[in-house]
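# Fold and geometry: a report
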Amino acid sequence: VLASPLPAPLSVHPLKILNAPLPSSSSSPSMGASTHKKNARDFNPRLILAQIFALQCYHYLTLALLYIASHVLTATPLSLERLFGYSRLSTGTVSGWLESAHHVGAYVGTAVGLVLIIEKSKKCLDFSVTLFLFHFIACCVHSGFPKSWEWWIFNVSGVISCTCLGEWLCSVREMREIPSLLG
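Residues numbered from 1 in each chain as written. Predicted model: local features only at pLDDT ≥ 70, side-chain atom pairs only at ≥ 80, totals over all residues. Heavy atoms only, no water.

## Quick word on the environment of Gly85
- Relative to the assigned elements, Gly85 resides in the loop between α3 (80–84) and α4 (94–118).
- For Gly85, a relative accessible area of 1% translates into the label buried.
- Taking the C-alpha atoms as reference, Gly85 lies 9.4 Å from Ala138; in sequence the two are 53 residues apart.
- The contacts of Gly85, once residues within four sequence positions are left out, are Leu80, His142, Ser143 and Trp151. (Helix = DSSP H or I, 4+ residues; strand = E, 2+ residues; numbered from the N terminus. Buried < 20%, exposed > 50% of the residue type's maximum accessible area, 1.4 Å probe, protein only. Contact = heavy atoms within 4.5 Å.)

In structure tokens form, the structure reads like this:
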């Protein structure tokens, strides 16, 4: 009787722990069974939900750090209205521009989170839009449907910048991980 080998050590990435293979739905091999198993292994809902949650937390942490820095420098009050309210994002006042810059800056900072959490450039658009949709729902729950065109402009431009910068950073990282045969 041969003893089974020890399981492989955990991956460096903490979210990879959730990347357990899904059980197969059929036991009989078919012509496309190898590609079906590969696709089923790539789709792991637990991992995707964990990545969405982690990216959402990363985004709000980045936004909160920007607001804390602003609070320290300008003594503006901290509140949930600043995170989820749409009335404070405006182009009519200096404080409105500062609030808008915080939101766009948080999306740019979240591009780094895409590199750290998502790791694949082809998934950046999906996760950026999902981030925006959850933020939109949170804003609707907190203060109603955003009626300000500035809110839409700044958040959509933030999603676009997050997606483009995230894809570029992920592709740079993906290309760097390819070993060179020339030394």
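Here the narrative resumes.
## Some words on a nonpolar patch on the surface
- A contiguous nonpolar patch, built from Leu61, Leu65, Ile68, Val72, Leu73 and Leu78 and spanning about 640 Å² of accessible area, is present on the exposed surface.
- By the element assignment, Leu61 lies in helix α2 (residues 45–74).
- When its relative accessible area of 52% is taken as the criterion, Leu61 is described as exposed. (Patch = residues over 30% accessible without salt bridge, like charges linked within 9 Å, V, L, I, M, F, W, Y side chains within 5 Å. Areas by Shrake-Rupley, 256 points an atom, 1.4 Å probe, with all protein chains shown as cover. Salt bridge = Lys/Arg side-chain N within 4 Å of Asp/Glu carboxyl O.)

## Here's the deal with the confidence of the model for the protein
- The share of residues in the protein with pLDDT of 70 or more is 76%, and the mean pLDDT across the chain is 82.
- The secondary-structure element of the protein with the lowest mean pLDDT is helix α1 (residues 33–42), recorded at 59, while helix α5 (residues 124–143) shows the highest, at 95. (pLDDT = per-residue confidence, 0-100.)

## A look at the pattern of salt bridges
- Per the counting criterion, the structure on display carries 2 salt bridges.
- Of the charged contacts, one joins Arg82 and Glu99 as a salt bridge, the two residues approaching to 2.9 Å between their closest N and O atoms. With a gap of 17 residues between them, Arg82 in helix α3 and Glu99 in helix α4 connect regions that are remote in the sequence.
- For Glu99, a relative accessible area of 4% gives the class buried.
- One continuous salt-bridge network, built from bridges that share partners, spans Arg82, Arg88 and Glu99.

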